[in-house]
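Chain residues, written in single-letter form:
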Amino acid sequence: MIGVGLQRCPELDDEFWESLRSLATNYTEGNLGFVLATPESPIELAHHTGHSSPFFNIFGYTTTLGPLKEPEARELIASSPISFPVEDREWILNQSGRWPLLLQILCRERLFTIEDNETDDQWREEGLRQIKPFRYLL
């Protein structure tokens with residue numbers, strides 16, 4: 001999320017954001033776009049973090065996204081390069097509430113354990129730890 005970058009990365013100063021705006025509006029012939037994930041409007045987010053770059057006022061359209069529909073969530077899980085056992089797929093669906101970010105975190109943890117030939121369920125504990133900051137979505 002862009003908010004994390006604004007809050008935790010002081011090197012992403014107003015000059016950086018102004019450069020992004022310039023890149024998008026002057027140098028790419030309209031072939032560059034930005035999609036931001038944030039719980040508030042980009043202008044409000046910039047204001048709350050002390051940024052004044054005009055980059056944040058180029059976003060004319062916002063929408064609120066919700067969880068995926070069950071078939072979409074299952075399709076996302078099935079896109080893993082290695083198939084997950086049925087019980088893991090169901091656990092991931094239940095724990096994520098079908099929110100894309102949570103699905104991706106849990107799928108990543110499961111994929112890593114499969115790739116590392118780990119057979120325990122510690123990936124679940126780690127996945128739950130990683131999604132804890134986003135539990136408000138559920």
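This section reports on the structure supplied with the text.

The rules behind these values
Residues numbered from 1 in each chain as written. Predicted model: local features only at pLDDT ≥ 70, side-chain atom pairs only at ≥ 80, totals over all residues. Heavy atoms only, no water. Salt bridge = Lys/Arg side-chain N within 4 Å of Asp/Glu carboxyl O. Helix = DSSP H or I, 4+ residues; strand = E, 2+ residues; numbered from the N terminus. Buried < 20%, exposed > 50% of the residue type's maximum accessible area, 1.4 Å probe, protein only. Polar contact = N/O pair within 3.5 Å; in protein donor to acceptor, adjacent residues only side chain to side chain. Contact = heavy atoms within 4.5 Å.

## A few points about the pattern of salt bridges
Item 1. Scanning all chains against the criterion turns up 6 salt bridges.
Item 2. Between Arg74 and Glu70 there is a salt bridge, and its shortest N-O distance comes to 2.9 Å. Of this pair, Arg74 and Glu70 are both found in helix α4 (residues 70-78), 4 residues apart, which corresponds to roughly one turn of the helix.
Item 3. With a shortest N-O distance of 3.4 Å, Arg108 and Glu109 are connected by a salt bridge.
Item 4. A relative accessible area of 33% means that Arg108 is categorised as partly exposed.
Item 5. Residues joined in a network through salt bridges with shared partners are Glu70, Arg74 and Glu90.

## Here we look at the side chain of Arg124
Item 1. Positionally, Arg124 belongs in helix α7 (residues 122-131).
Item 2. Within the local environment of Arg124, its side chain forms a polar contact with the side chain of Asp88, the two groups lying 2.8 Å apart.
Item 3. Excluding residues within four positions of it along the chain, Arg124 makes contact with Glu87, Asp88 and Trp91.

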